[in-house]
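Architecture at a glance
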Amino acid sequence: ALQPMKDGRMLLSNLNLLATAPGGVARLRELILTLAVQGKLVPQDAADEPASVLLERIGAEKERLIAEGQIKRGKPLAEISAEEKPFKLPVRWEWARLGTISKKITDGTHHSPANFPSGDYMYLSAKNIKPWGIDLSSATFVPRAVHEEIYARCDPELGDILYIKDGATTGILTVNTISEPFSLLSSVGVIKPSCGLISAYMALVMQSPFFYQAM
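What you are looking at is a predicted structure, and each value in this text was computed from that prediction instead of being measured. (Residues numbered from 1 in each chain as written. Predicted model: local features only at pLDDT ≥ 70, side-chain atom pairs only at ≥ 80, totals over all residues. Heavy atoms only, no water.)

Here we take up helix 7 (residues 199-207). Within helix 7, burial applies to Ser199, Met202, Ala203, Val205 and Met206. Projected onto a plane normal to the axis of helix 7, the buried residues spread over an arc of 160° and lie on a single side. (Buried < 20%, exposed > 50% of the residue type's maximum accessible area, 1.4 Å probe, protein only. Helix = DSSP H or I, 4+ residues; strand = E, 2+ residues; numbered from the N terminus. Arc of directions from axis to C-beta.)

Okay, here's the thing in structure tokens:
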């Protein structure tokens, strides 16, 4: 497992060595993401808005969506204990559970319906989710009635995070770039970011060694 680094100086001073070593590019990416999620990649800006203010906006948005019937109120999430915090955060940063900062977390159908080479709606599973994006070369299709039943509960939209949660490739994820509706198998989870959160940023955090080890 990667150990947290005190700052970025070690990374910069060993950049060439890391990049040219066997598997160096992959390890370099991991090191950069490790530094980034700990707030150690660049100096902190004292003028940045505190994360607590963003969390308040997210809470207000979720309450509005609940009142409008667009999302359901989830079960209360436990406070984050000191034992769950693997490193110290910079000033103005906050720990938050994924369920707190997401409008919705769900997964695809658990019934594995019959699917075909062509049809009304695309039907994707873990094999279609790659670190670089969505691979449609092996996509299959389901009839409209099957899709509508699946989509009523699991409705992936543009910008949602698609996360493999079952099987050998658990932890691989990508941001959804498909604008039209499609159906998912239960091996893929859907995370809908709340207001003020950039999907690409959330995806980078979730691809970091810290998040992968936690999951």
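Compared with an ideal rise of 1.5 Å per residue, which puts 17 residues at 24 Å, helix 4 (residues 51-67) spans 24 Å between its outermost C-alpha atoms and is within 8% of the ideal. Along helix 4, the residues classified as buried are Leu54, Ile58, Glu61, Lys62 and Leu65. In an axial view of helix 4, the angular spread of the buried residues amounts to 100°, which keeps them on one side of the axis. Those residues of helix 4 that are exposed and aimed more than 90 degrees away from the buried face are Glu56 and Ala67. Among the structural elements, helix 5 (98-101) and strand 1 (102-107) are those in contact with the buried residues of helix 4. Just beyond helix 4, the residue with positive phi is Gly69, at close to 80°. (Expected span 1.5 Å × (residues − 1). Contact = heavy atoms within 4.5 Å.)

Moving on to unusual backbone geometry. One non-glycine residue, Arg92, adopts positive backbone phi at about 80°. Relative to the helices and strands, Arg92 resides in the loop between helix 4 and helix 5. You will see that Ser112, though not glycine, has its phi angle at about 45°, which is positive. Inspection of the secondary structure assignment puts Ser112 in the loop between strand 1 and strand 2 (121-124).

Turning next to the nonpolar core. Core analysis: the biggest nonpolar cluster contains 14 residues, and Leu124, Leu162, Ile178, Phe182 and Leu184 have the highest contact counts within it. Among the secondary structure elements, those contributing two or more residues to this core are strand 2, strand 6 (161-164) and strand 9 (188-193). Each residue touching Leu184, except ones within four places of it in the same chain, is listed here: Gly108, Thr109, Tyr123, Leu124, Ile150, Cys154, Pro156, Leu162 and Val190. (Core = buried A, V, L, I, M, F, W, Y, C linked by side-chain atoms within 4.5 Å.)

Right, let's talk about the pattern of salt bridges for a bit. Tallied over the full model, the rule gives 12 salt bridges. Its salt-bridge partner being Glu68, residue Arg64 comes within 3.2 Å of it at the nearest N-O pair. With its nearest N and O atoms 3.1 Å apart, the salt bridge here joins Lys165 to Asp107. A residue pair is termed long-range when its members are at least 10 positions apart, and Lys165 in the loop between strand 6 and strand 7 (173-175) and Asp107 in strand 1 qualify at 58 residues. Taking relative accessible area as the criterion, Lys165 reaches 31% and is therefore assigned partly exposed. Overlapping salt bridges bring together Lys104, Asp155, Glu157, Asp160 and Lys192 as one network. (Salt bridge = Lys/Arg side-chain N within 4 Å of Asp/Glu carboxyl O.)

This paragraph deals with the packing of aromatic side chains. With the rule as written, the count across this model stands at three aromatic pairs. Relative to Trp95, the ring of Phe87 has its centre 5.1 Å away and its plane inclined at 50°; by these criteria the two rings are tilted. According to the relative accessible area criterion, Trp95 is partly exposed, its value standing at 23%. For the ring pair Phe87 and Phe210, a centre distance of 5.2 Å and an interplane angle of 75° mean the geometry is edge-to-face. Of this pair, Phe87 sits in the loop between helix 4 and helix 5 while Phe210 sits in helix 8 (residues 209-214), placing them 123 residues apart in sequence. On the basis of relative accessible area, Phe210 is assigned to the partly exposed category, the value being 23%. (Phe/Tyr/Trp six-rings, centres within 6.5 Å; stacked < 30°, edge-to-face > 60°.)

Right, let's get into the sheet that holds strand 1. With antiparallel pairing, four strands are arranged side by side in an open sheet as 1-9-6-7. Sheet topology places strand 1 and strand 7 at the edges, where each strand pairs with a single neighbour. Strand-to-strand twist of the sheet, defined as the mean angle between neighbouring strand axes without regard to direction, takes the value 15°. Sheet analysis places strand 6 next to strand 9, joined by four bridges and oriented antiparallel. What sits directly across from Ile164, in strand 9, is Val188. On the sheet, helix 7 packs against strand 1, strand 6, strand 7 and strand 9 and is oriented at approximately 170° with respect to strand 7. (Pairing = 2+ DSSP bridges. Axes fitted to C-alpha atoms, helices over the stretch in contact; angles between N-to-C directions.)

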